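# Structural overview for review
Listed here are the chains, written in short residue letters.
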Amino acid sequence: MLNIVVLVSGGGTNLQALIDAEQAGQIPGGKISCVIASKPGVYALERAAKAGIPSRVVERKAYPDRKSYSQAILEALNEEKADLVILAGFMVILDEMVPKAYPNRILNVHPALIPSFCGPGFYGLKVHEAALAAGVKLTGATVHFVSEVCDGGPIILQGAVPVRNDDTPETLQKRVMEEVEWKLLPKAAALFCAGKIKVENGIARVEEE
């Protein structure tokens with residue numbers, strides 16, 4: 001059974017999707033062993049408590065820069081004996097020391113079809129604003145491994161939704177989350193725990209069910 005450590009910064013809707021999937025037996029090879037938040041008092045911590053999952057806070061404000069904060073996160077991950085790390089609405093960009101210590105063992109979900117609308121500055125509603133401004137007819141979400149390049153690690157799973165004429169960034173965000181993010185993130189975790197993702201030459205190959 002692999003230890004899954006989930007990093008959060010806010011409400012924790014993606015965390016809830018992971019908790020629900022685990023409780024439904026959909027991640028048979030792993031268990032969420034710890035939730036780490038970047039600030040105290042966020043609702044994601046309540047979700048963890050309700051599910052009986054241990055949690056801890058490594059507060060971003062308590063550290064002077066990204067490097068010292070990343071070092072603290074790395075120490076926490078090591079202490080929790082993380083086999084898989086999942087960024088679920090974690091709004092801090094970590095120093096490259098973290099993905100280097102956990103190569104192809106950190107999952108992130110990005111609310112666009114990478115390589116579109118990704119990289120530094122593309123987060124939250126900004127991603128959906130950019131998609132609408134570009135007039136794309138399809139958008140979606142991507143689950144990928146985290147590398148030293150922002151949103152640049154190997155792509156594991158992608159899913160698409162249509163963009164409607166009357167969409168706002170908020171309605172588009174909701175559709176992408178509900179129809180893609182909440183389904184793909186638990187699925188990617190299950191595939192990882194089952195040993196069904198292999199990375200070769202920077203490309204993730206997923207064994208079909």
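Residues numbered from 1 in each chain as written. Predicted model: local features only at pLDDT ≥ 70, side-chain atom pairs only at ≥ 80, totals over all residues. Heavy atoms only, no water.

### Re the sheet that holds strand β6 (residues 138-145)
Sheet architecture is open: seven strands sit in the order β3-β2-β1-β4-β5-β6-β7, paired in mixed fashion. Bordering the open sheet on either side are β3 (55-57) and β7 (155-162), each of which pairs with just one other strand. Between one strand axis and the next, the sheet turns through 20° on average, direction left out of account. Relative to strand β4 (residues 84-87), strand β1 (residues 2-8) runs parallel, the two sharing four bridges. (Pairing = 2+ DSSP bridges. Helix = DSSP H or I, 4+ residues; strand = E, 2+ residues; numbered from the N terminus. Axes fitted to C-alpha atoms, helices over the stretch in contact; angles between N-to-C directions.)

### Here we look at the packing of aromatic side chains
The geometry of an aromatic ring pair comes down to the distance between the two centres and the angle between the two planes. The full count for this structure, using the stated rule, is two aromatic pairs. An angle of 65° between the planes, with centres 5.6 Å apart, marks the rings of Y63 and Y69 as edge-to-face. Ring plane angle 70° and centroid distance 6.3 Å describe the contact between F145 and F192, whose orientation is recorded as edge-to-face. With a gap of 47 residues between them, F145 in strand β6 and F192 in helix α6 (residues 169-193) connect regions that are remote in the sequence. Overall, F192 belongs to the buried group, its relative accessible area being 16%. (Phe/Tyr/Trp six-rings, centres within 6.5 Å; stacked < 30°, edge-to-face > 60°. Buried < 20%, exposed > 50% of the residue type's maximum accessible area, 1.4 Å probe, protein only.)

### Looking at helix α1 (residues 13-23)
Buried within α1 are the following residues: N14, L15, A17, L18, I19 and A21. Taken together, the buried residues of α1 touch β1, β2 (30-37), α2 (43-50), β4, β5 (106-110) and α6. Just downstream of α1, G25 is the residue with a positive phi angle, here 80°. (Contact = heavy atoms within 4.5 Å.)

### Some points on the pattern of salt bridges
Counted under the stated rule, the structure contains five salt bridges. The shortest N-O distance in the salt bridge between K174 and E178 comes to 3.0 Å. Of this pair, K174 and E178 both sit in helix α6, four residues apart, which is roughly one turn of the helix. Assessed through its relative accessible area of 47%, K174 is described here as partly exposed. (Salt bridge = Lys/Arg side-chain N within 4 Å of Asp/Glu carboxyl O.)

### Some details on the nonpolar core
Formed by 39 residues in total, the largest nonpolar core has its most connected members in V6 and I86. No other element matches α6, which puts ten residues into this core. Non-local contacts of V6, meaning those with residues more than four positions away in its chain, are made with L15, L18, I32, C34, V35, I36, I86 and A88. Judged by nonpolar contacts, the second largest core, of 22 residues, contains Y69, A72, A76 and V98. (Core = buried A, V, L, I, M, F, W, Y, C linked by side-chain atoms within 4.5 Å.)

### So, the state of the cysteines
Enumeration according to the criterion identifies zero disulfides in this entry. C118 forms no disulfide, and the closest cysteine sulfur to it belongs to C150, at a distance of 7.6 Å. Take C118: its relative accessible area is 21%, and that puts it in the partly exposed class. Residue C150 is classed as partly exposed on the basis of its relative accessible area, which comes to 30%. (Disulfide = S-S within 2.5 Å.)

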